[in-house]
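# What the coordinates show
Chain by chain, the residues:
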Amino acid sequence: MLEVQNLGIRFGGNHAVQDVTASIEAGQITAIIGPNGAGKSTFFNLISGFYQPTTGRIRFLGQDITRLPTHEVVARGIARTFQTTTIYKELSVLENAMIGHRVRTRAGLWDALLRTGRERRDEEESRSGGMAALERVGLAGQAHQLAGALTQEGQKRVGIAMALSSDPKLLLLDEPAAGMNPEETVNLMALIRDLVAGGLSVALVEHKMSLVMGLADEILVLHHGQKIAEGPPNQVSRDPAVIEAYLGSHAHGGQMGQAGTEGAHA
Ligand SMILES: Nc1ncnc2c1ncn2[C@@H]1O[C@H](COP(=O)(O)OP(=O)(O)O)[C@@H](O)[C@H]1O
Ligand SMILES: [Mg+2]
């Protein structure tokens, strides 16, 4: 459903993403992995229109979306969460989901927060979009609680609901399991599986190899901004270039080493 061709972006002399040609298939879970600084978040920023590429093209559902601004990318059906949680803890769970809807579908944050007359007419739409998203993440019963009163896992679900409120076809999750304990991680995996069973396509960046190996249909491996491997988990985890990349990276050498055994249990 998404194809990138020779995609690249440079920050000064640094090729954060370089010449990446890859695709994300509908109805699947695609994991993007790679050592710290590999370009994973930047790859998401390019797809979602937060950054403009210096080279290459992006096609989504057969249409070129290469230089579309974020809200138009969202309108075509791509939504994302951020690596760091960006929920409004002092607002209710439903208000968060509604802001997600407003920010993602048309207006800026201020338009979403300041309910002008023009805005009020759209409020019902945001409310129903927000509620539908909360139902999908299992938070409908907590809609009127303060977001900050939820557990860490609950707050992560709010972040996912904010992205889902625009009813995307493709959801990009940047390190969704960061800061989660093993039990919460298992719950998150079940939620992602449910969403995909319901017709959503998911691409995720994640360091936790148990999650990647247990969930992903396809894995795309980035290293120094370049694609070094792409394929199903059992193939990618045996790829010498991938093992080499992880062994060369102190921070994550152990994680990839565990991947095979963790994957076997998943
Ligand atoms: N806005 C930016 N300005 C300058 N450099 C950036 C910017 N965003 C990312 N980078 C650089 O791009 C590289 C890849 O970063 P990132 O995509 O965040 O890596 P990852 O998510 O794989 O850890 C890093 O060297 C990072 O410093
Ligand atoms: Mg990142």
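Within an unreviewed UniProt entry, the label attached to the protein reads ABC transporter ATP-binding protein, and the organism entered is Deinococcus aerophilus.

### Brief notes about the sheet that holds strand β1 (residues 2-11)
What the four strands build is an open sheet, ordered β2-β1-β4-β5; its pairing is antiparallel. Both edges of this open sheet fall to β2 (14-24) and β5 (63-64), since each of them pairs with a single strand only. With seven bridges connecting them, β1 and β2 associate as antiparallel partners. Paired with Phe 11 across the two strands is Asn 14, which belongs to β2. Each of β1, β2 and β4 (55-60) touches helix α1 (residues 40-47); the most contacted strand, β2, lies at about 65° to it.

### Let's talk about the site of ligand 1
As a structural note, the neighbourhood of ligand 1 is formed by Phe 11, Asn 14, Ala 16, Gly 34, Asn 36, Gly 37, Ala 38, Gly 39, Lys 40, Ser 41 and Thr 42. Counting residues per element, the ones that place at least two in the shell around ligand 1 are β2 and α1. Top contributing element to the shell around ligand 1 by residue count: α1, with three residues. The residue inventory of the shell around ligand 1, partitioned by class, reads three nonpolar, seven polar and one charged.

### Examining the environment of Ile 192
The residue Ile 192 is located in helix α7 (residues 182-197) in this model. Considering only alpha carbons, one finds Ile 192 and Leu 173, 19 residues apart in sequence, at a separation of 9.9 Å. If we ignore the near neighbours within four places in the chain, the residues touching Ile 192 are Ile 29, Val 202 and Leu 215.

### Notes on the sheet that holds strand β8 (residues 201-205)
Hydrogen bonds along the backbone pair up the strands of a sheet, which may run parallel or antiparallel. Reading across the sheet, the six strands line up as β6-β7-β8-β3-β9-β10 and stay open at both edges, with mixed pairing between neighbours. Two strands close off the open sheet at either side, each with one partner strand: β6 (78-80) and β10 (226-231). This sheet shows a mean twist of 20° between the axes of neighbouring strands, independent of strand direction. As judged from the four bridges shared by strand β3 (residues 29-33) and strand β9 (residues 218-223), these two strands associate in the parallel manner. Paired with Ile 32 across the bridge in β9 is Leu 220. Most of the contacts of α1 go to strand β7 (residues 170-174), to which it runs at about 150°, and overall it touches β3, β6, β7, β8 and β9.

Criteria and thresholds
- Residues numbered from 1 in each chain as written.
- Chains lettered and ligands numbered in written order.
- Predicted model: local features only at pLDDT ≥ 70, side-chain atom pairs only at ≥ 80, totals over all residues.
- Pairing = 2+ DSSP bridges.
- Helix = DSSP H or I, 4+ residues; strand = E, 2+ residues; numbered from the N terminus.
- Contact = placed C-beta atoms within 7 Å.
- Axes fitted to C-alpha atoms, helices over the stretch in contact; angles between N-to-C directions.
- Near = placed C-beta within 6 Å.
- Nonpolar A, V, L, I, M, F, W, Y, C, P; charged D, E, K, R; others polar.

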